[in-house]
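Secondary and tertiary structure notes
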Amino acid sequence: MTNFSATAANIWAVADLLRGDFKQSQYGRVILPFTLLRRLECVLEPTKDAVLAAAQKHADFGDGVDALLKRAAKQQFYNVSPMTMASIGSTQTLDNLEAYVQGFSPNAREIFEYFHFSDFLEQLDASDLLYMITKKFSTWDLSPKAIDNHTMGLVFEELIRKFAESSNETAGEHFTPRDIVHLATSLVFIDDDDVLSKPGVVRSLYDPTAGTGGFLSEGTELMRTLNPEAVIRNHGQELNPESYAICKADMLIKGQDVSNIKFGNTLSDDQLPNEKFDYMLSNPPFGVDWKKIQRVVEDEHKLRGFDGRFGPGTPRVSDGSLLFLLHLISKMRPVNEGGSRIGIILNGSPLFTGGAGSGESEIRRYILENDLLEGIVALPTDMFYNTGIATYIWVLSNRKPAYRKGKVHLLNATEMFLPMRKSLGSKRRHISEEQIEDIVRAYGDCLADENCKVFDTNDFGYRRITVERPLQLAFHPHDEVRIAALKADGPWAKWDGALREALLAALPKLDEKYLSRSAFKKALRKAGAEVSAVQFKLLQKHLGEHDPAAEVCMVKGKPEPDPSLRDNENIPLKEDVQAYFEREVLPHVPDAWIDKGKCDGSDCEVGIVGYEIPFNRHFYKYVPPRPLEEIDADLDQVSAEIMALLQEVHS
């Protein structure tokens, strides 16, 4: 296989010619479309004469000529221009090159429109660089014989990474490292070898965050290794124009129907609204807010409910990862039509962010209670180009095999990596082919050990109960600091002047301390200060304080709860609420009780149901601290070294 890194570096060296006339952030917008142009030209070269002959022969066929020209090109695209990049010429270079690009079929020509290629051609021409750049690219052999599709995909991704770095963009939003792509794809296809190897099998693959098409390419290649005769129909949608253009070009080269590759925001403008897919893979951007499309998403959630994509709920606006997961779930085929499998890469936040009743918790609840989550694989850190954070592959299925039904498999692969010889952005580690095989095998075996744990789906659920304790107040009517705070409070100024004077005159007449709220109220009235219930709350706020020796405050014959002592307990779903409360709470606070008015909206039982997946907690390993003697010895050694250095300086 051609060294993709060396090829990409050779191509990116064209930037040396652009330096001075173009900003560094513009290099990629010249290099990427020229690379694609040369690749497409090399792909079409073997059938160029046949296409030109067919174009001349069928010139009067109108719209029907498109299919005839594709057949002549033996591709899903063609070019009817007699020119090549090598024959553009040094005179009228701009006109010739634009005419050459216009000679492509509409589906290929659109690619260059998303690059705004014509604008950059004009800038190159004005800088007297157009002929030089065109000639340079025409000398490179980018044909499929010299560079296969897989390697060319890697070249594109490396060029985009360089482009992102040069323009200070977020590289990881454009593509996913191929080792992660390979692992995620293998996990999604793990149980389907027999099905995929059958003659005449047709399967659909979808990525709502297609990027440069890495998941679509890898999925296609993996299916073809199982069955060379398999028909794979790729679908995707991408928001970034350059990534969309590259993905579409890659699909063209591989003979895919590029009408299934859409441009736009998947969450606010799903352009494949009625489609269902066999397999889905995605690496949505980590921690990116969805404020710009919040109204559209919230409207769909409220107006369409479970008939739309976001029925279970919406996460906080600062991270839209779970919206992509819900979108994928909405694209699952019904089980009676074969069902679907999903692989999605997420950061740690979707595992646990949001308490019971929150949007995130309700989304996890929907997934787990419907037995859609098959497993989660924790990846090593420093695996992505733009971030070193912890990441996880979620695998979902609505057609789990019998031994996985009602179960969730957590696999810790954080130590399965090799250091890279040279870092690529933040990517300092990669997973080897052998390690990918080991991870996939361990996931497939679903056996419990120190790095693999199997849980029931309801092991991740809990009930959040509200624990109340009685309000016990002591009142201090002589405390000058408290009285000053009362007079400084805004509502005090709204009291009737006569009432304020009566109260201030009454307070010195009262006892120094009251351990009963009712006794304090009676004493106030007796002293001539008759206040309303609202006014008494202001007095209670400033003159009262919690005192365990005080009498319990009662309301309608029941103890009044103290908001400052209110607490919550998360009780595992598998445990009885009352038994847990009596065992874990009452021994510590015997006067506590459960607020039975706070019930779950779905099952109407006491406590709000929540779900979280505390992945790291299940794989935590205690490492004892070093002995103090060893630490002291190290400190003594370092101190001695410092003293020796100081002596050298002074001598």
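Cut-off values and rules
- Residues numbered from 1 in each chain as written.
- Predicted model: local features only at pLDDT ≥ 70, side-chain atom pairs only at ≥ 80, totals over all residues.
- Heavy atoms only, no water.
- Helix = DSSP H or I, 4+ residues; strand = E, 2+ residues; numbered from the N terminus.
- Rg over C-alpha atoms; globule rule 2.2 N^0.38 Å.
- Buried < 20%, exposed > 50% of the residue type's maximum accessible area, 1.4 Å probe, protein only.
- Contact = heavy atoms within 4.5 Å.
- Areas by Shrake-Rupley, 256 points an atom, 1.4 Å probe, with all protein chains shown as cover.
- Lys, Arg positive; Asp, Glu negative; His and termini not counted.
- Charge placed at Lys NZ, Arg CZ, Asp CG, Glu CD.
- Patch = residues over 30% accessible without salt bridge, like charges linked within 9 Å, V, L, I, M, F, W, Y side chains within 5 Å.
- Salt bridge = Lys/Arg side-chain N within 4 Å of Asp/Glu carboxyl O.
- Polar contact = N/O pair within 3.5 Å; in protein donor to acceptor, adjacent residues only side chain to side chain.
- 1 Å grid on protein atoms, 1.4 Å probe; cavity = no way out; pocket = protein on both sides within 12 Å on 5 of 7 lines; lining within 4 Å.
- Points joined across faces, edges and corners; volume = space filled by probe spheres on them.
- Core = buried A, V, L, I, M, F, W, Y, C linked by side-chain atoms within 4.5 Å.
- Pairing = 2+ DSSP bridges.
- Axes fitted to C-alpha atoms, helices over the stretch in contact; angles between N-to-C directions.
- Phe/Tyr/Trp six-rings, centres within 6.5 Å; stacked < 30°, edge-to-face > 60°.
- Lys NZ or Arg CZ within 6 Å of the ring centre and 35° of its normal.

The next thing to look at is the overall build of the chain. Helices and strands together make up the secondary structure of the chain, namely 26 helices and 19 strands. Taking 651 residues into account, the globule formula puts the C-alpha radius of gyration at 26 Å, and the chain, at 34 Å, lies well above it. Taking the principal axes of the C-alpha coordinates as reference, the chain spans close to 110 × 85 × 60 Å. Residues classed as buried in the chain amount to 50% of the 651 residues present. A sequence separation of at least 24 residues applies to 77% of the contacts in the chain between residues at least 6 apart. When the accessible surface of the chain is totalled, it reaches about 31,000 Å², and 51% of it is carbon and sulfur. Considering the chain, the positive charge centre built from 75 side chains and the negative charge centre built from 96 side chains are found 4 Å apart.

Our focus in this paragraph is a nonpolar patch on the surface. On the surface, Val638, Ile642, Met643 and Leu646 cluster together into a nonpolar patch covering about 350 Å² of accessible area. As for its placement among the helices and strands, methionine 643 is situated in helix H26 (residues 628–650). By relative accessible area, which is 47% here, methionine 643 ends up partly exposed.

A cluster of acidic residues, Asp21, Asp95, Asp119, Glu122, Asp125 and Asp128, forms a negative patch at the surface. For the negative patch, the leading source of residues is helix H8 (residues 117–126), giving three residues. By secondary structure assignment, the location of aspartate 95 is in helix H6 (residues 93–102).

Turning to its location among the elements, threonine 47 is positioned in the loop between helix H3 (27–44) and helix H4 (48–57). For threonine 47, a relative accessible area of 11% corresponds to the buried category. Among the polar contacts made by the side chain of threonine 47, one reaches the main-chain carbonyl oxygen of alanine 73 at a distance of 3.1 Å. The residues touching threonine 47, leaving out its near neighbours within four places in the chain, are Ala72, Ala73 and Lys74.

Turning our attention to empty space enclosed by the protein. Evaluated as defined, the whole model comprises three cavities of 30 Å³ or more. The space that makes up the largest cavity amounts to roughly 80 Å³. Lining the largest cavity, in full, are Glu41, Leu44, Glu45, Thr47, Lys48, Val51, Asn79, Tyr100 and Phe104. Estimates place the volume of the second largest cavity at around 60 Å³. Surrounding the second largest cavity, Pro315, Arg316, Asp319, Ser321, Leu322, Ser349, Pro350, Thr353 and Glu360 form its lining.

Time to look at the nonpolar core. Counting 101 residues, the largest nonpolar core has Ile31, Phe34 and Leu124 as its most contacted members. Residue contributions to this core peak at 11 residues, all from H3. Ranked by size, the runner-up nonpolar core spans 40 residues in total, among them Leu323, Tyr392, Leu410 and Tyr611.

Turning next to the environment of leucine 565. Mapped onto the fold, leucine 565 is located in the loop between strand S16 (558–559) and strand S17 (567–572). Residues leucine 565 and phenylalanine 112, spaced 453 residues apart in sequence, show a C-alpha to C-alpha distance of 64 Å. When neighbours within four sequence positions are excluded, leucine 565 is seen to be in contact with Val467, Arg469, Pro470 and His546.

Take the sheet that holds strand S1 (residues 202–207) next. What the nine strands build is an open sheet, ordered S3-S2-S1-S4-S5-S7-S6-S8-S11; its pairing is mixed. Two strands in the sheet have a free side with no partner beyond their single neighbour: strand S3 (261–263) and strand S11 (452–456). Ignoring which end each strand starts from, the neighbouring axes of this sheet average 15 degrees apart. Where strand S4 (residues 279–282) and strand S5 (residues 341–347) come together, four bridges link them in parallel fashion. Following the sheet pairing, leucine 281 is matched in S5 by glycine 343. Helix H13 (residues 214–226) rests against S1, strand S2 (231–238), S3, S4 and S5 of the sheet, and its axis sits at about 160 degrees to S1. This element, helix H14 (residues 241–253), spans S2 and S3 of the sheet and lies at about 165 degrees to S3.

Applying the stated rule across the entire model yields 21 aromatic pairs. On the numbers, 5.0 Å between centres and 40 degrees between planes, the contact of tryptophan 492 with tryptophan 495 is tilted. Owing to a relative accessible area of 5%, tryptophan 492 belongs among the buried residues under this scheme. The class of tryptophan 495 is buried, set by a relative accessible area of 7%. Taken together, the aromatic side chains of Phe34, Tyr100, Phe104, Phe112, Phe117, Phe137 and Trp140 make up a single cluster linked through ring pairs. Above the face of the phenylalanine 417 ring, arginine 429 is positioned so that its terminal group lies 3.9 Å from the ring centre.

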